[in-house]
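A structural walkthrough
Residues per chain are reported as follows:
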Amino acid sequence: MGSEIETEVIHSWSAPRSLSTSLMYSFAQRDDTEVLDEPLYAHHLKVTGVDRPYREDLLSQMESDGNKVVNNIIYGPGGKKYRYCKHISKQRLPGLSDELIKKGKHFILIRNPLDILQSFDKVVPSSFHELGLGDLVSIYSELCAAGNRPPIIDAAELQEDPEAALRGLCEDLDIPFQASMLKWEAGPKSVDGIWAPWWYKSVHKSTGFSRAVNYPPAFPRSLYELLEQSLPFYNMLRCHARQKRYPKLVKPSLPVPANEKILVWVGDELLPRDSATVSVFDSVVQGGDSVWEGLRIYNGKVFKLEEHLDRLFDSAKALAFNNVPTRDYVKEAIFKTLIRNGMFNNSHIRLSLTRGKKVVTSGMSPGFNLYGCTLIVLAEWKPPVYDNTGGITLVTATTRRNSPNNLDSKIHHNNLLNNILAKIEGNNANADDAIMLDKDGYVSETNATNIFLVKKGIVMTPHADYCLPGITRATVMELVKTENLVLEERRISLSEFHTADEVWTTGTMGELSPVLRIDGRTVGDGTVGPVTKRLQNSFKKLTEGLGVPIPTYQQPA
């Protein structure tokens, strides 16, 4: 027997049936590693009183004092450089020494409950407690809080590409990879716990990590509720796991970093950004069936809130939405979202109503939407999206506004699709947006905004027949009158925009945005014109005083 040395401990934490025994066998093949199979199992049985067929034998053969196990067995002297300890998460009970977590190298092995439950249920009746996924999340959180964030490996990665997964794990643990980890002999092992005859029959037949079955059997309905309870814990850990099969795309940086940690209202609750999702059965997913509004926040007030809500509810009624939330409920959701995010200025809300979840996904009939509408309040820190000082550039899209401004569902969807196609044309031309013409070749709007021009002191804008009658558009039209300027609302040709003295666009997201170039032609003298500046100033003054106050907001001194 070799001399005893100080051994570095590697802790593996997992739920049952997560390929944890296969991984233990893998580490047992290393020439520098000794392994311990669930050293805390006897302590767990003694403290919890859980019954197992092998309970008495186990308690008589293993140390059941948890702290003695930690101090004398897990962290005791050894004969090799590393000691690999396979732990089941539920076996870490209160009262154990803090040294268990503070010392050694730790990693977490996870597996989709969909793949665990059927196998587990054959040996012991499944329950959330028995699976221990909640305990696994607690262990992860405690390790992170101690400044020792553990690597996470998904069993699916071990099955798909064992060598890549093991090399990655060894890299995370800062130990050398050994090719011997990929194979072992079939049959029982000297390192097995005495419970092996009950739990290890399948792994004893293996000689390495085998690929997952492509078409596993039907999932039992009797385990469905337990799957629902367990999946969120697995998914929480999985998002931090090392993945080789489906590498994560590089996470793009947000234009406003503060939006990384926002709360979003979905249905009837506020959720963190990454948890803010809708059901795949929702009509917005199945058929793009929703209505939405954009609102801006200025100085603790929601600008034009009532007008936007009028249009939202008119749209929902026109599309025959049922079980629409009340106006007061929507307002309350808006205010709660803003207050909880601390957004009282320079921010924007995307307010959406979907028709809601379907009971049957075939067909577009609203008769299948029996759950009621889904309300979404997405508030973000967002300055105006265009350069309202230096101006923007437009090009004319070949995509036409073929349908009149109409809330009929098919026509509305066609207009939205055309907006997207026009925006793509604008992007390809390196322009900020694209002008869209109506079916007769007259200017309608841009893909995202309404549009105005000035010629010889007269302000003009297209009729709202083929464009959205925007709320900012209406506000600016009133300001034109207030400023004693002449306003004409009529059909306008593209050449009139090419030869205009001034052009600007209007929209909730952009406010008043001066246009300095259209289709390569300079607008006016290429600078922001006097009428544009005058109306920008008037609009700014209006936003400073007008709006529905957000409860609890206090104006800074």
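Bear in mind that the values here come from a model prediction, so they are computed numbers and not experimental data. (Residues numbered from 1 in each chain as written. Predicted model: local features only at pLDDT ≥ 70, side-chain atom pairs only at ≥ 80, totals over all residues. Heavy atoms only, no water.)

**Points about helix α12 (residues 224-238)**
- In a regular helix each residue adds 1.5 Å, so 15 residues correspond to 21 Å; α12 covers 20 Å between its end C-alpha atoms and thus fits that length.
- Where α12 bends most, the angle comes to about 30 degrees, and this point is S230, followed within four residues by the proline P232.
- Buried within α12 are the following residues: L226, L227, S230, Y234 and L237. (Helix = DSSP H or I, 4+ residues; strand = E, 2+ residues; numbered from the N terminus. Expected span 1.5 Å × (residues − 1). Bend = angle between axes of the 7 residues up to and from the residue. Buried < 20%, exposed > 50% of the residue type's maximum accessible area, 1.4 Å probe, protein only.)

**Digging into the sheet that holds strand β11 (residues 374-381)**
- Spatially, seven strands are ordered β7-β6-β11-β10-β8-β9-β21 in an open sheet, and the strand pairing comes out antiparallel. Only two strands of the sheet have a single partner each, and these edge strands are β7 (269-272) and β21 (548-549).
- As paired strands, strand β6 (residues 263-266) and β11 are joined by two bridges and run antiparallel to one another. Note that in β11 the partner of W265 across the bridge is V377.
- Lying over the sheet, helix α15 (residues 327-341) contacts β6, β7, β8 (290-298), β9 (301-302), β10 (347-354), β11 and β21, oriented at roughly 35 degrees with respect to β11. (Pairing = 2+ DSSP bridges. Contact = heavy atoms within 4.5 Å. Axes fitted to C-alpha atoms, helices over the stretch in contact; angles between N-to-C directions.)

**Considerations on the packing of aromatic side chains**
- Tallying each qualifying case throughout the model produces 13 aromatic pairs.
- Relative to W198, the ring of Y54 has its centre 5.0 Å away and its plane inclined at 55 degrees; by these criteria the two rings are tilted. Here Y54 is found in the loop between α2 (41-48) and α3 (55-61), whereas its partner W198 is found in helix α11 (residues 196-199), with 144 residues between them in sequence.
- Residue Y54 is classed as buried on the basis of its relative accessible area of 2%.
- A relative accessible area of 39% means that W198 is categorised as partly exposed.
- Judged by centre distance (5.7 Å) and plane angle (90 degrees), the rings of Y298 and F303 are edge-to-face.
- Note on F303: relative accessible area 6%, which makes it buried.
- Aromatic rings pair up to connect Y41, Y54, W195 and W198 into one cluster.
- The aromatic ring of Y75 is capped on one face by K103, whose charged end is 4.4 Å from the ring centroid.
- One residue, R350, lies across the ring of W292, its end atom 3.8 Å from the ring centre. (Phe/Tyr/Trp six-rings, centres within 6.5 Å; stacked < 30°, edge-to-face > 60°. Lys NZ or Arg CZ within 6 Å of the ring centre and 35° of its normal.)

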